[in-house]
Amino acid sequence: MLVFILRRLAQSAVVVVAMSVLVFAGIFAIGNPIDVLISPEADAFERAAAIARLGLDKPMHEQFLRFVDSALGGDLGTSFVHGVPALGLVLQRFPATLELALCAMLVAVVLGIPLGLWAGLKPDSLAGRVIMTGSILGFSLPTFWVGMMLIMAFAVTLGWLPAGGRGETASLFGVQWSFLTADGLAHLILPAVNLALFKLSLVIRLARAGTREVALQDYVKFARAKGLAPARVVGVHILKNIMIPVVTVLGLELGSVIAFSVVTESVFAWPGMGKLLIDSILQLDRPVVIAYLLVTVLLFVVINLIVDLVYSLLDPRIRLGGGRA
Amino acid sequence: MKHTLPAVAALALLAAAPTPSQAATLTVGTSAEPSALDPHYHNLGPNTRARKHVFESLVSMDAKMRLQPELAESWRAVDETTWEFKLRKGVKFHDGTEFTAQDFVYTVCRIPNVANSPSSFTVYTKGIAGIEAPDPHTLLIKTGKPYPLLPVELSTFGIISAKAAGGEAVTFDKAGCKAESWPTTQAFNDGSLMIGTGPFKHKSYTKGDRQILERNPDYWGPQPAWDTVVFRPITSDGPRVAALLAGDVDMIESPPVQDIERLKSAPNVSLAQAQSNRVIYLALGVQDTPPTITGTEGKNPLKDPKVRKALSLAVDRDAIVKRIMMGVAEPANQYLPAGFYGNNPEVTVATDANKAKQLLAEAGYPKGFQLTLGTPNDRYINDDKVAQAVAQMFTRIGVQTQVDATTANVFFSKRNKQEYSVFLAGWGADSGEMSSPLKALIATPIKEKGYGTTNYTSYSDPELDGMLDTALATVDDAKREKLLQAAVKRAVDADIIIPLHYEVTVWAMKKGLSYEPRADQYTLAQKVTPAK
């Protein structure tokens, strides 16, 4: 196990280094930040001073070396726009995104697994068909449009829920969270549902496919033949076995929900990392974009590691990393 | 709110519960967020909007961008290079200390010493050669040369408390003031140095989410109508409108043009709009080798005044305003609308496609040529659509025009490298008077004078530069206005910077609120009042 984790960490380090080179070169190719940042009223002296202040007068390889040098010390540079450490800016926004992503995943799991089970057990029933049709819609409607529709329906027309923002927050472990206050929770519902839709459809489909496959296996038939209650058959024998693919996919999808909540965050003015990324790209705030992408890469790496570990717990047949080869 | 289901109604009540005195809270959805609360960090619209609630200037501008007293009660030019400002007495900072001349001295000293500033306010302080304070409420400001724009420039930056920042002993030195350390931007962002003289006190700030201000009960001027003001950045257009319609916010900045009809017809929304200080223009480049013109054997037809005149005549400004801007703009004939300082009522532009064709033929291009027009597509209201319309109008007179529309940060980089022969852009005159667009857009780039900072056309007219030189050294307001009016006539007649329209700034708010629309586009909570 330890060997496996160490090897994974070494591989991850290579990925992070490769990413930082790619990202740095990529972001370097777009526009010149100074053209966006500086006031049009500024004169040539002020312009030259700002360019020097931001280190933009140096050639690219020199800027990259400076970046690597400070990155090794844990400093991913200073935001051009905000003038504060870029990494801090990203991490400051992380709880908001994490909260939204976890809520979305919760919605997807809590609704998706029972719905998928149902659709798998009774594939030809009306409910089963409705669930599958719904999941197709969940896949195919664009997130932005659904978000706007949710706002129009529940905030503008009905007035039940707020249209955006994070609402009131309360502190837990020194971090501000929305789900601890009623106001915050009300602000969380629409964006979480919006973000959950795609994952929900995915979970439904995975659960349904798994159920249909598992329900025909000998051990399920045997359990039924033994006279176990149907609830126990479904709850233990089927559910546990369909969870393996679901956990794997959800683990990977958690990463993508965090990384790509950009659209939902923009529509609902949710102050998370995704919104920060969009704003930073528009303002060509290179250090923040780089810090964001590196944080995301690290996140994916860590999540994948956890997924592998959970996987081995769920199915003891799977061994990690050929330790006993 | 309509409650149809009891359970959901209960939820909605829960959601609305924790704000007790709703009546005196104003929530504003803004279209952009300041990059920092530090008033001297970044010379940028959203930052100035945010600072104007907490930090005040010596002089301020009213809704029509005319100067009016703020922390200075009066000012006058003692001689060509000395200005005297009489400061308001009895003004208190939010921590209770009194405002004096030293606070101004410290502020001017601090401006060049802001670490990591992407765009600082030194442009506005470098005219100051010396500051004396004969008594705590009088300032004598010396300038190196006659400097009529000094009061205007003093309206651009907010004054911080010298005492709060430990700057009581700092003295002004043109070469650089001496202090042990300067306040950091961080100290403003975390609220510890948010000590100004303004009508609101800083309460809290969560980047990306909200800034909360509360009324300053000791404010020297009229008390604002609001106990609490909340600014929420909602940068996407659609969600910002939805937030207003849903009642999440009481007021929003710049609703998108296509939603204005809908907002007008909404029963509980009212609109305020005013002509802004921003002109949208076409710039025609006169480089020797034109980057985006073909079919002329490498020559640049735009060097010929007849061709430039033809392009200006081809543009139907009324049609653009009516069909593309949905009326939320006014046709422009110069660089600032009527009523602004320096506007010349005699300057006109015309639309005449036949005349345009004739001029093209006279210039030797009866069959026209091919042109690519550069434009941003997310910077100005409907910018790429306006460019498309202009392209059709050019094509109609025989100049085959394509549009190259890109996102603003790419556009500005290409434009600044002079990669367009013709481009569409906008200019907002922060100073509210004509020297600003003339100096920036059309004057010959001269580093020392700060001329031509946004002149990407390679155009140079020494005579026009001379007119500007004279105007900018004339302290007499009436004389200077005449000089600027003459200069703008010459500039518009050259058809280098072709004015298209003035943007109109719109605010949408709950019925029952009123706001005097401002030409400088700032949303100021202290000027929002519940209608009587």
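Conventions adopted
- Residues numbered from 1 in each chain as written.
- Chains lettered and ligands numbered in written order.
- Predicted model: local features only at pLDDT ≥ 70, side-chain atom pairs only at ≥ 80, totals over all residues.
- Heavy atoms only, no water.
- Helix = DSSP H or I, 4+ residues; strand = E, 2+ residues; numbered from the N terminus.
- Buried < 20%, exposed > 50% of the residue type's maximum accessible area, 1.4 Å probe, protein only.
- Contact = heavy atoms within 4.5 Å.
- Areas by Shrake-Rupley, 256 points an atom, 1.4 Å probe, with all protein chains shown as cover.
- Lys, Arg positive; Asp, Glu negative; His and termini not counted.
- Charge placed at Lys NZ, Arg CZ, Asp CG, Glu CD.
- Phe/Tyr/Trp six-rings, centres within 6.5 Å; stacked < 30°, edge-to-face > 60°.
- Lys NZ or Arg CZ within 6 Å of the ring centre and 35° of its normal.
- Disulfide = S-S within 2.5 Å.
- Salt bridge = Lys/Arg side-chain N within 4 Å of Asp/Glu carboxyl O.
- Axes fitted to C-alpha atoms, helices over the stretch in contact; angles between N-to-C directions.
- Parallel < 35°, antiparallel > 145°, perpendicular 65-115°, else oblique.
- Left-handed = near helix turned anticlockwise from the far one by under 90°.
- Core = buried A, V, L, I, M, F, W, Y, C linked by side-chain atoms within 4.5 Å.
- Pairing = 2+ DSSP bridges.
- UniProt positions renumbered as here; feature names shortened; annotations may be inferred.
- pLDDT = per-residue confidence, 0-100.
- Buried area = accessible area lost by both parts, 1.4 Å probe.
- Polar contact = N/O pair within 3.5 Å; in protein donor to acceptor, adjacent residues only side chain to side chain.

(A) Inspection of the overall build of chain A at higher detail. Within chain A one finds 13 helices and two strands. Viewed in the frame of its principal axes, chain A has a C-alpha envelope of about 85 × 60 × 35 Å. Here chain A, with 325 residues, has 48% of them falling under the buried criterion. Considering only contacts within chain A whose residues lie at least 6 apart along the sequence, 71% involve residues at least 24 apart. When the accessible surface of chain A is split by element, carbon and sulfur atoms take 71% of a total near 15,200 Å². Charge-centre separation for chain A: the mean point of 24 positive side chains lies 18 Å from the mean point of 20 negative side chains.

(B) Up close: the packing of aromatic side chains. By the definition in use, this model includes 16 aromatic pairs over all chains. With a centroid separation of 5.6 Å and 25° between ring planes, the pair formed by B:F411 and B:Y420 is classed as stacked. Both residues of the pair, B:F411 and B:Y420, count as buried. Above the face of the A:W118 ring, A:K122 is positioned so that its terminal group lies 4.9 Å from the ring centre. A cation over a ring is seen here: B:R49 above B:F231, with NZ or CZ 4.5 Å from the ring centre.

(C) A look at unusual backbone geometry. Residues and elements named next belong to chain B. Notably, S254 is not glycine yet its phi reads approximately 25°, a positive angle. Mapped onto the secondary structure, S254 falls in the loop between β11 (251–253) and α8 (260–265). Relative accessible area serves as the criterion here: at 32%, S254 is assigned to the partly exposed category. With a phi close to 55°, E297 is a non-glycine residue in the positive phi region. Mapping E297 onto the fold places it in the loop between β13 (293–294) and α9 (305–314). With relative accessibility at 79%, the residue E297 sits in the exposed group.

(D) How the structure looks around the state of the cysteines. All names here are of chain B. Taken as a whole and assessed by the stated rule, the structure comprises one disulfide over all chains. With a sulfur-sulfur separation of 2.1 Å, C109 is cross-linked through a disulfide to C177. One disulfide, between C109 and C177, carries an S-S torsion of -75° and so falls in the left-handed class. Taken together, the residues C109 in helix α3 (residues 101–110) and C177 in the loop between α5 (150–154) and α6 (185–189) connect sequence positions 68 residues apart. With respect to burial, C109 and C177 carry one shared label: buried.

(E) Just the pattern of salt bridges, in detail. All names here are of chain B. Counted by the stated rule, this structure contains 22 salt bridges over all chains. Of the charged contacts in the structure, one is a salt bridge between D227 and R215, with a shortest N-O distance of 2.4 Å. Of the two residues, D227 sits in the loop between β9 (210–215) and β10 (228–233) while R215 sits in strand β9, which places them 12 residues apart along the sequence. The partly exposed category is assigned to D227, whose relative accessible area is 31%. Since its relative accessible area comes to 24%, R215 is described here as partly exposed. Between R490 and E463 there is a salt bridge, and its shortest N-O distance comes to 3.6 Å. With R490 in helix α16 (residues 477–494) and E463 in helix α15 (residues 462–471), this residue pair connects regions lying 27 residues apart in the sequence. Connected via shared salt-bridge partners are D461, E463 and R490.

(F) Up close: helix α7 (residues 237–245) of chain B. Residue and element names in this part refer to chain B. Counting buried positions over the nine residues of α7 gives seven, a clear majority of the element. Taken as a whole, α7 has its buried residues at P239, R240, V241, A242, A243, L244 and L245. The first or second residue beyond α7 is G247, which carries a positive phi of 85°.

(G) Region of interest: the packing of α9(B) against helix α11 (residues 353–362) of chain B. Residue and element names in this part refer to chain B. Orientation of α9 relative to α11, taken along the N-to-C sense of each, is 160°, at an axis distance of 8 Å. Taken together, α9 and α11 sit at an angle that is classed as roughly antiparallel. In this structure, α9 meets α11 at a crossing whose hand is left-handed. Contact with α9, carried on its side by K306, V307, K309, A310, L313 and A314, involves A353, K355, A356, L359, L360 and E362 of α11 and no other residues of that element.

(H) Quick peek at the nonpolar core. All names here are of chain B. Counting residues in hydrophobic clusters, the biggest one holds 83 residues, and the most contacted among them are Y281, L282, Y335, F394 and L438. Once you skip the residues sitting within four places of it in the chain, Y335 turns out to touch V279, M434, P437, L438, V488, A491, V492, I497, P499 and Y502. If you look at the next biggest cluster of nonpolar residues, it comprises 62 residues, including Y106, I131, C177 and M509.

(I) Molecular detail of the sheet that holds strand β6 (residues 128–135) of chain B. All names here are of chain B. As summarised here, the arrangement of the four strands in space is β4-β5-β7-β6, forming an open sheet in which the pairing is antiparallel. Two strands close off the open sheet at either side, each with one partner strand: β4 (72–79) and β6. Within the sheet, the average angular offset between the axes of one strand and its neighbour, ignoring direction, is 20°. Across five bridges, the pairing between strand β5 (residues 82–87) and strand β7 (residues 138–143) is antiparallel. Bridge pairing in β7 links F85 to L139.

(J) Just the pairing of strand β17 (residues 422–428) of chain B, in detail. Residues and elements named next belong to chain B. Most of β17 sits inside the fold, with six of its seven residues counted as buried. With two bridges connecting them, strand β15 (residues 370–376) and β17 associate as parallel partners. Of the residues in β17, the one forming a bridge with G374 is F423.

(K) Up close: the pairing of β4(B). All names here are of chain B. Bridge analysis of β4 against β5 gives six bridges, and the strand direction is antiparallel. Following the sheet pairing, R76 is matched in β5 by E84. Hairpin connection from β4 to β5: two residues lie between these consecutive antiparallel strands.

(L) Fine view of the UniProt feature "transmembrane region" (unreviewed entry) in chain A. Residue and element names in this part refer to chain A. Here, the residues flagged by UniProt with the feature "transmembrane region" (unreviewed entry) are residues 12–31, 96–118, 130–157, 177–198, 242–270 and 290–314. This span, residues 96–118, is 100% helix and 0% strand, and a straight line between its end C-alpha atoms measures 33 Å. In this annotation, residues 177–198 is assigned 77% helix and 5% strand; the end-to-end C-alpha distance for the span is 24 Å.

(M) Spatial organisation of helix α14 (residues 435–442) of chain B. Residue and element names in this part refer to chain B. Taking burial as the measure, the eight residues of α14 include seven buried ones, the bulk of the element. Here α14 has its buried residues at S435, S436, P437, L438, A440, L441 and I442. As for α14, its buried residues are in contact with β12 (269–284), β17, α15, α16 and β18 (497–510).

(N) How the structure looks around the confidence of the model for chain B. Residue and element names in this part refer to chain B. Overall, the predicted model of chain B reaches an average pLDDT of 90, with 95% of residues at or above 70. pLDDT under 50 marks residues 1–22. Its contacts with residues more than four places away, or in other chains, come to 19 contacts. Prediction confidence for the complex, expressed as pTM and ipTM, is 0.84 and 0.79 respectively.

(O) Main features of the interface of chain A and chain B. Opposite the 57 residues of chain A that make contact, chain B presents 63 residues. Around 4,600 Å² of area is buried between chain A and chain B when both sides are counted, 54% of it from carbon and sulfur atoms. Viewed at the interface, chain B and chain A are joined by zero salt bridges. Between the two partners, chain A and chain B, sit eight residue pairs in polar contact (both at pLDDT 80 or more).

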